[in-house]
Amino acid sequence: MQIDVAAAQKLFEDIADQEDPNVANMEGISTLCERLGIDPLEDIRVLVLLWKMGASKKPAEISKDEWMQGCNNLQVDSIDKFKALLPSLDTGFLDREEFKDFYKFCFQFNRQGTHKTLEKDLVIALLPMCLSGGRVPSDRLQSFCEFLETTKDESYSKITLDQWRSFLDFCYEVEDLATYDESSSAWPVLIDEYVEFMEKKAKCGKK
Amino acid sequence: IEMADRANGNIIQLEDGWNNEIKKRAIDKLEQTLDNGFDTAFEPKEYIRIYTTCYDMCTQRSPYNWSRDLYQRHGETIEQYLQNTVLPALNDKSGQGGTILLNELKHRWTNHQIMNKWLKKFFTYLDRYYVKHHSLPTLEQAGLRHFKDVVYENVKEQATGAIISLINEERDGEIIEKSLVKSIVELYENMGLGGASLESYTNDLEQPLLDATRAYYARKREDWIAKDSTPDYLIKVEKALAEEKARVTEYLNPASEPKIRRVVEDEILQKVQMNLLEKEGSGCRVLLANDKSEDLQRMFHLFSRLDNGLQPMASIVESFITSMGNACVEKRQAKLDGGEKEKNDDPEFVKSLIDLHEKYLGVIRETFSGHHLFQKALKNSFEVVVNQDVGQYSNAELMSTFCDRVLKSGGEKLNDSEVEESLDRIVQLFSFLTDKDLFADIYRNQLAKRLLNQRSSSDDAEKLMIAKLKVQCGTQFTSKMEGMLNDLAVGNDQKSEFDARMEQHDTKLSFSVQVLTTGFWPTYKTPEVSLPANMTKCLEIFTEWHDAKHQKRKLSWVHSLGNATVKSIFGKKSYDLQVTTLQAVVLNTFNDGKTFDFNELKKILNLNDITLKPLMHSLSCGKYKVITKTPANNKINSTDSFTANAKFSSNMRKIRIPMASLDPSHNKNRVEEDRSWAIEAAIVRIMKARKTLKHQELIAEVLSQLSFFRPQPRDIKKRIEALIDRDYLERSAENSDMYNYLA
């Protein structure tokens, strides 16, 4: 079905950056969120929407082309239609593969400019948001964030995409930490150290 | 039809021929002489008569051909004789003790062989045709068969028992009749089916003997192991094995040798192997500790007889050597704990490790015949010992400094062959080092110092050491070191050429330059000190000369390394001061009684604090205070002022004023960086070739490619992650355990 191209374009113009009309950055996206009645800082559906629209070229922005393509794919051209879309943006609808892709997008989109990594503090805030809803056991999520917070290792002040993605795969594949064997593990060292952290915790707990 | 021709022209009837001729003349006579013990002899005439009778009886035409009957009666004769005469005689002797029975058996067996022989001779014609035609056993075989069935089968158990008793008596030290036993053994050997088989010997004598041997040595073992020390026990083992071997040679069948040997080895060695090795007070460890080479050698030879007999011993040797090595480390630790200052030089410690290695190289060569399991044990133990944590300075550094001592002039006083020996041994120790790259880094720094300060005792010795390292580690390992030596050699070659050029100018200074190729040498600080005009002129002359020769090269001056001799006059005495270039520049500044404070000097000389402070310290606070510092204390402060020490005097004419080196001994960080790079290069190389690889295989391949250090798996993983980040590799989407190479 053909969407109203002009209407979609107008929506974009409302949120586009003043200096560059071909791009809408976080400011504009926040405006959109306000109009939709969702919180841009707390609501994961913002990211899901941007992901579904294909805002993947640069972090923290969506280009006009991406917007138009996205509107066409999602068949939206008005605020009302966007609002109607909201329930379908629950990550619970995504299968494993789709979710992996979305999860990767979360990382990529939240980067600063040309940086390839995310600040640890951002990761600690972002992970629970992305992985809510039982994708990952909540105790695993919690303890991992605790580990990140307490580790004094300087090299973990920034988290790489590989580490980010591996965490999810790790949660899927290794349910019981007792079965974890570092000597044969290909998981990033971050994960090895997390398991070590948990083992120490368990020992202290026993005392 | 013609009758067969005969002496008397008549046909011989069976009974007639048998009773009157064969039985009377041959068999009865034979039996009689056997019974009486006389030598059996048939005169030729008698023999021919009997033979002929037989022959005739076998060649007569049917129905008078008595071949079948004769064959039968041959057998019956023997059988009856054995049954009626021989067997009773044996049974008679059976209750009277082993030797008596055996002697009787020997006698009867000898007799039987004689009987068999003669009967065969008499009835030969049967063997030629009848036997063959009817595929029957030969006369000899038949005779043996009868002996076996009638006599042997009934007597063999007792005979075996008697033999075993005798053997056990001999084992206990008694003297026995060996020839008797040997004869009986021959009987057993002959009782095999078809004559060639050892079946009877094996089943009826050998097997019971093996069982008895096992029981005998089991008892002995229990007895000995309780009372004897390991060396004493082993001497007994050696003796027992030798005796058993001799026994077989003397009166048993050779086939029994390996079987008896294995039984004895099993009972008195295999079953108590660990007991012997670990016996308190006399086990393997104790023998090693007390250098009991003869006992160890015996132990080695005995245990090498067993399947996997040497591995337990080799393990003990390995653990022993390791503990000896650890003792050296502990000794060093004790020295440091006792307050000794920690330096990068501990020749006593390094030498103790070298001596330990030499000692056990010798032990393995002589006591353990150079056996590979023991060589491996030595290698394993040294790989542990040499890589122990020994304090602030690594083993790599201590070893390198040891080399420095050997190679520098004024170090160890050694002649050429001692130098070669020392270098050889240190390289052997080096081969066990994990952090070889660290050693290389430190060694290069120390080499540079020796070369640049002309402290090298012998150019040949330097080359020799590098050659040895090259053999150990390959060309890449030593290429920089060789480059350094080469720079010096080239410099020497070109020296006279440049000297000629210098003479063309009148600088009033004698000047020479050593050109170093960047990359071969350690990196040095290059302070851009302000030189006096005469020095600058020298530099210009050289630069001109050099650039004409090498257009593509760029020179940068390393004034922190140069040396100078400064002719100085204090009062009326003149001195030759051996100083560094920087010190010379400073001294020059103080000509004509000038005074400067620290900050002024910084400006004049264009040097920073880090360089100027140690420089001024060496000239004003050391042993030879050629510069006077105000205030006079031991620390350089930016408020100090300096002037030449007019009152300086010394008994010596030539004075060397040392200065602390401005460059660190080696750069730990650089070694770490080089390692990171080497790991990444290995990963990329491997993944490029294999395209896709499992994690554990990648780790294993990387470790096998890195010969000069051994990274932890976590460190390798970190490099893998770094390469994933830079898009050289990716994790496989299908298998989280695998990596793909990204072209």
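Since the model is a prediction, treat every value here as computed from it, not as a measurement.

Novice: Can you walk me through the overall build of chain B in this structure?
Specialist: The helix and strand inventory of chain B stands at 28 helices and nine strands. Rg of the C-alpha trace for chain B: 48 Å, well past the compact-globule value of 27 Å for 743 residues, more than 25% over. Overall, the C-alpha framework of chain B stretches about 155 × 60 × 60 Å when taken along its three principal axes. Put simply, chain B has 743 residues, and 45% of those count as buried.

Novice: Would you explain the interface of chain B and chain A in this entry?
Specialist: A common way to state how big an interface is: give the accessible area lost once the parts meet. Chain B puts 13 residues into the contact, and the matching count from chain A is 17 residues. With both chains or domains summed, chain B and chain A bury close to 1,400 Å², and 37% of this area falls on carbon and sulfur atoms. Area buried by chain B at its contact with chain A is led by R714, K717 and D725 of chain B, which between them contribute 41% of it. Summed over the shared surface of chain B and chain A, the result is five salt bridges. Salt-bridge contacts for E182 of chain A lead to R714 of chain B; the nearest nitrogen and oxygen are separated by 2.7 Å.

Novice: Which parts of the structure should I look at to understand unusual backbone geometry?
Specialist: For residues other than glycine, phi is negative in most cases, and the peptide bonds are mostly trans. Residue P63 of chain B is bonded to the preceding S62 of chain B through a cis peptide linkage, with omega at 5 degrees. For P63 of chain B, the location among the structural elements is in the loop between helix 2 (44-59) and helix 3 (67-93). The step from T630 of chain B to P631 of chain B runs through a cis peptide bond, and the omega angle for that step is -5 degrees. Structurally, the position occupied by P631 of chain B is in the loop between strand 4 (627-630) and strand 5 (641-644). With phi around 60 degrees, A60 of chain A is a residue other than glycine that occupies positive phi space. Along the chain, the position of A60 of chain A falls in the loop between helix 3 (45-53) and strand 2 (61-63). Owing to a relative accessible area of 23%, A60 of chain A belongs among the partly exposed residues under this scheme.

Novice: Just to check I follow, could you spell out the sheet that holds strand 8 (residues 729-731) of chain B for this structure?
Specialist: Strand pairing within a sheet occurs via backbone hydrogen bonds; the two strands may be parallel or antiparallel. All names here are of chain B. Pairing is antiparallel across the open sheet formed by three strands, whose spatial order is 7-9-8. The open sheet has two edge strands with one neighbour each: strand 7 (692-694) and strand 8. On average, adjacent strands in this sheet sit at an angle of 25 degrees to one another, irrespective of strand direction. Bridging between strand 8 and strand 9 (residues 738-741) involves three bridges; their strand directions are antiparallel. Bridge pairing links E730 to N740 in strand 9.

Novice: How do you make sense of the nonpolar core when you look at a structure like this?
Specialist: In this structure, L70, F123, M313, F368, I426, F439 and M465 of chain B are the most contacted members of the largest nonpolar core, which totals 152 residues. Setting aside its immediate chain neighbours within four residues, F123 of chain B contacts W18, I22, C54, L70, H74 and L139 of chain B. Judged by nonpolar contacts, the second largest core, of 74 residues, contains I38, M68, L94 and I124 of chain A.

Novice: Teacher, can you tell me more about the pattern of salt bridges here?
Specialist: Close approach of charged atoms allows side chains of opposite charge to pair. As enumerated under the stated definition, the model contains 73 salt bridges over all chains in all. Of the charged contacts in the structure, one is a salt bridge between K100 of chain A and D169 of chain A, with a shortest N-O distance of 3.2 Å. Of the two residues, K100 of chain A is situated in helix 6 (residues 96-109) and D169 of chain A in helix 9 (residues 161-173); the sequence distance between them amounts to 69 residues. In this structure, the salt-bridge partner of E170 of chain B is R247 of chain B, at a minimum N-O distance of 2.9 Å. Separated by 77 residues along the polypeptide, E170 of chain B in helix 6 (residues 139-171) and R247 of chain B in helix 9 (residues 230-251) bring together distant segments of the chain. Neither E170 of chain B nor R247 of chain B differs from the other in exposure class; each is buried. Look at the salt bridges and you will find they share partners, linking E170, R171, K178, E244, R247 and E250 of chain B into a network.

Novice: Sorry if this is basic, but what is going on with the packing of aromatic side chains here?
Specialist: To describe a pair of aromatic rings, you give the distance between the ring centres and the angle between the ring planes. Residue and element names in this part refer to chain A. Considering all chains together, one arrives at 50 aromatic pairs over all chains under this definition. Taken together, a centroid distance of 5.7 Å and an interplanar angle of 50 degrees make the contact between F107 and W164 tilted. Taken together, the positions of F107 in helix 6 and W164 in helix 9 put the pair 57 residues apart, joining distant regions of the chain. Take F107: its relative accessible area is 0%, and that puts it in the buried class. Residue W164 is classed as buried on the basis of its relative accessible area, which comes to 2%.

Novice: Just checking my understanding: could you explain the sheet that holds strand 6 (residues 654-656) of chain B for this structure?
Specialist: Residues and elements named next belong to chain B. Spatially, three strands are ordered 1-2-6 in an open sheet, and the strand pairing comes out mixed. Two strands in the sheet have a free side with no partner beyond their single neighbour: strand 1 (563-570) and strand 6. The average angle at which neighbouring strand axes cross in this sheet is 25 degrees, direction not considered. On the sheet, helix 23 (residues 581-589) packs against strand 1 and strand 2 (573-580) and is oriented at approximately 135 degrees with respect to strand 2.

Novice: It is not clear to me how helix 15 (residues 347-366) of chain B should be interpreted in this structure. Could you clarify?
Specialist: Given 3.6 residues to a turn, an α-helix orients residues that are three or four positions apart in the same direction. Residues and elements named next belong to chain B. In a regular helix each residue adds 1.5 Å, so 20 residues correspond to 28 Å; helix 15 covers 28 Å between its end C-alpha atoms and thus fits that length. Buried within helix 15 are the following residues: F349, V350, L353, I354, L356, H357, Y360, G362, V363 and I364. Summarising the contacts, the buried residues of helix 15 are in contact with helix 12 (284-289), helix 14 (311-337), helix 16 (372-385), helix 17 (395-407) and helix 18 (416-430).

Novice: Whenever I open this one, a negative patch on the surface confuses me. Can you help?
Specialist: Among the surface-exposed residues, D95, E97, E98 and D101 of chain A lie close enough to one another that they form a single negatively charged patch. Using a relative accessible area of 43% as the deciding quantity, one classes D95 of chain A as partly exposed.

Novice: Please explain the packing of helix 9 of chain B against helix 13 (residues 293-303) of chain B as it appears in this structure.
Specialist: For any two helices packed against each other, the geometry is given by the interaxial angle and the distance between the axes. Residues and elements named next belong to chain B. One can describe the packing of helix 9 onto helix 13 by two numbers: an axis separation of 10 Å at closest approach and a directional angle of 50 degrees. Between helix 9 and helix 13, the angle is such that the two are oblique. For the pair helix 9 and helix 13, the crossing hand works out as left-handed. Residues T230, P231, L234, I235, V237, E238 and L241 of helix 9 lie in contact with helix 13, whose contacting residues are D295, R298, M299 and L302. By residue class, the composition of the contact of helix 9 with helix 13 is seven nonpolar, one polar and three charged.

Novice: I keep staring at helix 23 of chain B and nothing clicks. Help me out?
Specialist: Counted residue by residue, helix 23 of chain B has eight buried out of nine residues, so it is predominantly covered. Along helix 23 of chain B, the positions that sit buried rather than exposed are T581, L582, Q583, A584, V585, V586, L587 and T589 of chain B.

Novice: So what exactly am I meant to see when it comes to the pairing of strand 1 of chain B here?
Specialist: Taken residue by residue, a regular strand's side chains alternate between the two faces of the sheet. All names here are of chain B. The side-chain alternation of strand 1 yields one buried face, formed by A564, V566, S568 and F570, and one unburied face, formed by N563, T565, K567 and I569. Note that strand 1 and strand 2 share eight bridges and pair antiparallel. Bridge pairing links K567 to D576 in strand 2.

Novice: What should I look at first to understand the environment of R145 of chain B in this one?
Specialist: Mapped onto the elements, R145 of chain B comes out in helix 6. C-alpha separation for the pair R145 of chain B and V579 of chain B, spaced 434 residues apart in sequence, amounts to 109 Å.

How each quantity is defined
Each residue is numbered by its place in its chain's sequence as written, counting from 1. Chain labels run from A onward and ligand labels from 1 onward, assigned in the order the entries are written. Per-residue local features of the predicted model are confined to residues with pLDDT of at least 70, and side-chain atom pairs are confined, for both listing and counting, to 80 or more; whole-chain, interface and lining totals are unaffected and use all residues. Calculation of side-chain values draws on the structure's entire complement of heavy atoms; hydrogens and water are dropped beforehand. Counting from the N terminus, the helices are the DSSP runs of H or I reaching at least four residues and the strands are the DSSP runs of E reaching at least two. The quantity called the radius of gyration is restricted to C-alpha atoms. Its globule counterpart is 2.2 Å times the number of residues to the power 0.38. For each residue, the accessible area found with a 1.4 Å probe, counting protein chains only, is set against the maximum for its type, and the residue is called buried under 20%, exposed over 50%, and partly exposed in between. Throughout, a contact is declared for two residues whenever any of their heavy atoms are within 4.5 Å. For any pair of parts, buried area is found by adding up, for both, the accessible area (1.4 Å probe) each one loses once the two are put together. Salt bridges are identified by distance alone: a Lys or Arg side-chain nitrogen within 4 Å of an Asp or Glu carboxyl oxygen. Note on pairing: DSSP must find at least two bridges between two strands before they are called paired. All axes here are fitted lines through C-alpha atoms, helices being fitted over the stretch that makes contact, and every angle between N-to-C directions spans 0 to 180 degrees. Note on terminology: a nonpolar core comprises buried Ala, Val, Leu, Ile, Met, Phe, Trp, Tyr and Cys residues joined through side-chain atoms within 4.5 Å. By convention, a stacked pair of Phe, Tyr or Trp rings (six-membered ring in the case of Trp) has centres within 6.5 Å and planes under 30 degrees apart, an edge-to-face pair has planes over 60 apart, and any other such pair is tilted. Take the residue count of a helix, subtract one, and multiply by 1.5 Å to get its expected span. Only residues whose relative accessible area exceeds 30% and that take part in no salt bridge are eligible for patches, with like-charged residues grouped when within 9 Å of each other and nonpolar side chains (Val, Leu, Ile, Met, Phe, Trp, Tyr) grouped when within 5 Å. Residue exposure ignores everything except the shown protein chains as possible cover, and the areas themselves are Shrake-Rupley values with a 1.4 Å probe. Charge convention: Lys and Arg are scored as positive, Asp and Glu as negative, and His as well as the terminal groups of each chain are ignored. In plain terms, the charge of a residue is placed at NZ if it is Lys, CZ if Arg, CG if Asp and CD if Glu. The cut-offs work like this: below 35 degrees is roughly parallel, past 145 is roughly antiparallel, 65 to 115 is roughly perpendicular, and the gaps in between are oblique. Each crossing gets its handedness from the near helix: less than a right angle anticlockwise from the far helix is left-handed, clockwise is right-handed. As a working rule, the residues Ala, Val, Leu, Ile, Met, Phe, Trp, Tyr, Cys and Pro are called nonpolar, Asp, Glu, Lys and Arg charged, and the rest polar, with Gly in that last group.

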